[in-house]
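A structural walkthrough
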Amino acid sequence: MGVIVTFFTTMFSGVTGLIGLFLARKATFSLAYIGIYIVLSGLFIATISSLLGGISASAPSNSLLSAGLSLLPSNAAQCVGVISAAHVASYIFVMKNKLLNLKVKA
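Here is a short report on the structure shown in this document. Residue numbering note: each chain is counted from 1, following its sequence as written. With the structure being a predicted model, the display of local features is reserved for residues of pLDDT at least 70 and the display and counting of side-chain atom pairs for 80 or more, all residues being used for whole-chain, interface and lining totals. To obtain the side-chain values, all non-hydrogen atoms of the structure were used and water was disregarded.

1. Let's talk about the overall build of the protein chain
- When you go through the protein chain residue by residue, the secondary structure sums to 3 helices and 0 strands.
- For the protein chain, the succession of helices and strands along the chain, N to C, is α-α-α.
- Throughout, the radius of gyration refers to the C-alpha atoms, and the reference size of a globule is 2.2 Å times the residue count to the power 0.38. Taken against the 2.2 N^0.38 rule, which gives 13 Å for 106 residues, the C-alpha radius of gyration of the protein chain at 26 Å runs more than 25% over that of a compact globule.
- Oriented by its inertia axes, the alpha-carbon framework of the protein chain measures out at about 95 × 20 × 15 Å. Secondary structure elements are taken from DSSP: a helix is a run of H or I of four residues or more, a strand is a run of E of two residues or more, and numbering for both begins at the N terminus.

Set out below in structure tokens:
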């Protein structure tokens, strides 16, 4: 009787270990992907901010381009950053839901 219990215990712990390893790998790759996405979004925000600053600095003083850029609010780059951060937050929320659904199904 003890041999059968030991066999099933060993088999159950092995299967549990494999499932845990599979889920840990998926979670690690998902977190790495989300981290890369956040870094790329930050770079995008910085690029937009520097481009807006560069365009407004290099525009001739009496041109229609500078007149159009003067209509932008002073915090236009921050607004683009907030919108991009909202997209990142929604993406993280969707990924969190997918990970939870994966754990529930497994």
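2. Some words on a nonpolar patch on the surface
- Without a salt bridge and with relative accessible area above 30%, a residue can belong to a patch; like charges are then joined within 9 Å and nonpolar side chains (Val, Leu, Ile, Met, Phe, Trp, Tyr) within 5 Å. All accessible-area figures derive from a Shrake-Rupley calculation using a 1.4 Å probe, and residue coverage is judged against the displayed protein chains alone. Each reported salt bridge corresponds to a side-chain nitrogen of Lys or Arg within 4 Å of a carboxyl oxygen of Asp or Glu. A grouping of Ile36, Val39, Leu40 and Leu43 is seen on the molecular surface, where their side chains present a nonpolar patch of about 390 Å² in accessible area.
- With respect to the secondary-structure elements, Ile36 resides in helix H1 (residues 2-58).

3. A word on the environment of Leu99
- Checked against the element boundaries, Leu99 lands in helix H3 (residues 76-105).
- Along the primary structure Leu99 and Leu23 are separated by 76 residues, whereas in three dimensions their C-alpha atoms are 9.3 Å apart.

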